[in-house]
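Breakdown of the fold
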Amino acid sequence: MKQTAAGPVPWAISDARTVFFSTTVGLVAIFVAWWGASGSANLSRQVTWLIVGIGGIVFLGAGNFFWLLAGRRAVGARQARTLDAIVAAPFSAPISTSAPAEAGYVALDGSRRFHVPSCLLVQGKATKPVNPGRRRGVPLQPCEMCRP
Amino acid sequence: MDMKQFLRSNWDRVAAVLLGVLGVIALVLGWVGVSGTGLAAEQNPYLISGGLAGIALIGVGCTIWLSADLQDEWRRLDGVEERLAQLVDRPRRADEPVLESIDAT
């Protein structure tokens, strides 16, 4: 597996120890509960062993849950870091974020809303390409229907 | 991809499926054992060995499968970070898309 600065897997060694311990203890508890219950014909004693078994499965489940939770959190945190790195990356050519007129936004004459050209509200009407930031000094609002 | 290569690259998912199948078999055997007797004292061991053990095996199988999914996501992020580092290190052509060019391998 490829080694990176973030580590080869989303988990720390302590997470692996925890899930291994809880799974082993849980399975052993279930086995001991079965062993104890099958060796006794006393119903109340069997119920006690049954509770031991249920305790084992709860312990096992909790350990597995925290394992998955740790992995999910690690992946989520790394995704956030990666997105931050993408946003902050010093690309040689700037990424346009201003949505200029050539990006395809249009407006009707006299309207203060801008649309994508395929918007039903401007279909078949005379439109002009616009920069959505401002038009004659007045900021344009995005169309509520096409949501450009 | 032949079967051997598939099993090797997806060993964790194969193990998850096997555990799930074992868990279902344990549940069925437990049900057979419980339904074969009317005495509660004879039913309880089946309840523990078949029911609880079956649920535990299925649960561990699910954990292994979900862990494999998380590892896949982790490896994809490796690819994204590598590609991002390459894009940052070299000059970008004007007509070259940035985010679209990041392949998640």
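The structure contained in this document is the topic of the report that follows. Counting starts from 1 at the beginning of each chain's written sequence and moves along it residue by residue. To read the labels, note that chains go from A and ligands from 1, taken in the order they are written. For a predicted model such as this one, the threshold for reporting local features is a pLDDT of at least 70, and the threshold for listing and counting side-chain atom pairs is 80 or more; totals across whole chains, interfaces and linings nevertheless cover every residue.

Right, let's talk about the overall build of chain A for a bit. Only DSSP runs of H or I reaching four residues or more are called helices, and only runs of E reaching two or more are called strands; each is numbered from the N terminus. For chain A, the count of helices and strands is two helices and four strands. Out of the 148 residues belonging to chain A, those deemed buried represent 24%. The long-range share in chain A, meaning contacts at least 24 apart out of those at least 6 apart in sequence, stands at 57%. Comment: burial labels come from other C-beta atoms within 10 Å of the residue's own C-beta, placed from the backbone, where a count of 20 or more is buried, 12 or fewer is exposed, and between is partly exposed. Whether two residues are in contact is decided by their C-beta atoms, placed from the backbone, lying within 7 Å.

A separate point is the sheet that holds strand E4 (residues 141–142) of chain A. Two strands in a sheet stick together by hydrogen bonds in their backbones, pointing the same way (parallel) or opposite ways (antiparallel). All names here are of chain A. Strand order in the open sheet formed by four strands is E3-E1-E2-E4, and the pairing between neighbours is mixed. A strand with exactly one partner marks an edge of an open sheet, and here the two such strands are strand E3 (127–129) and E4. Strand pairing requires that DSSP identify at least two bridges connecting the strands. Two strands pair when backbone bridges link them, and strand E2 (residues 113–115) and E4 are joined in this way by two bridges, in the parallel orientation. Bridge pairing links Phe114 to Pro142 in E4.

Before going further, it helps to examine helix H3 (residues 40–89) of chain B. Compared with the 74 Å implied by 1.5 Å per residue over 50 residues, the 71 Å span of H3 of chain B between its first and last C-alpha is a close match. Note that the bend at a residue is defined as the angle between axes fitted to the seven residues ending at it and the seven residues starting at it. Along H3 of chain B, the largest kink reaches about 30° and is centred on Leu47 of chain B. Expected helix span is taken as 1.5 Å per residue step, with the number of steps being one fewer than the number of residues.

For this analysis, nonpolar core means a set of buried Ala, Val, Leu, Ile, Met, Phe, Trp, Tyr and Cys residues linked through C-beta atoms within 7 Å. Membership of the largest hydrophobic core comes to 22 residues, with the highest contact counts inside it found for Ile30 and Ala33 of chain A together with Ile48 and Ala56 of chain B. For this core, the elements supplying multiple residues, two or more each, are helix H1 (13–38) and helix H2 (43–88) of chain A together with helix H2 (11–35) and H3 of chain B. If you tally residues by element for this core, the top one is H3 of chain B, at nine residues. Look past the residues within four positions of Ile48 of chain B in its chain and what remains in contact with it is Ile30, Ala33, Trp34, Ala37, Trp49, Leu50 and Gly53 of chain A. Residues Ala107, Phe114, Val130 and Cys143 of chain A belong to the second largest nonpolar core, which totals eight residues.

The next subject is the interface of chain A and chain B. If you look at the interface, chain A gives 39 residues, while chain B gives 31 residues. Of all the secondary-structure elements, those providing two or more residues to the side of chain A that touches chain B are H1 and H2 of chain A. When residues in the side of chain A that touches chain B are grouped by element, the largest group, 20 residues, is from H2 of chain A. Under the grouping applied here, Gly and all other residues not named as nonpolar or charged are polar, the nonpolar ones being Ala, Val, Leu, Ile, Met, Phe, Trp, Tyr, Cys and Pro and the charged ones Asp, Glu, Lys and Arg. Grouping the amino acids of the side of chain A that touches chain B by side-chain chemistry returns 24 nonpolar, twelve polar and three charged.

Looking now at the packing of H2 of chain B against H3 of chain B. If you want to describe how two helices pack, look at the angle between their axes and the distance between the axes. Residues and elements named next belong to chain B. As a packed pair, H2 and H3 sit with axes 7 Å apart at the nearest point and diverge in direction by 165°. Put simply, H2 runs roughly antiparallel to H3. Crossing of H2 over H3 shows left-handed handedness. Looking at side-chain class alone, the contact of H2 with H3 contains 20 nonpolar, eleven polar and two charged residues. Here an axis means a line fitted to C-alpha atoms, over the contact stretch when the element is a helix, while the angle between two N-to-C directions is reported on a 0 to 180 degree scale. Under this scheme an angle from 65 to 115 degrees is roughly perpendicular, one under 35 degrees roughly parallel, and one over 145 degrees roughly antiparallel; angles in between are oblique. Helix crossings are classified by the rotation of the near helix relative to the far one: an anticlockwise turn of less than a right angle makes the crossing left-handed, while a clockwise turn makes it right-handed.

Our focus in this paragraph is H2 of chain B. Each turn of an α-helix holds 3.6 residues, which means side chains three or four residues apart point in the same direction. All names here are of chain B. The end-to-end C-alpha distance of H2 is 36 Å, a good match for the 36 Å that 25 residues give at a rise of 1.5 Å each. Within the span of H2, buried status applies to Ala16, Leu19, Gly23, Ala26 and Gly30. Here the buried face of H2 lies against H3.

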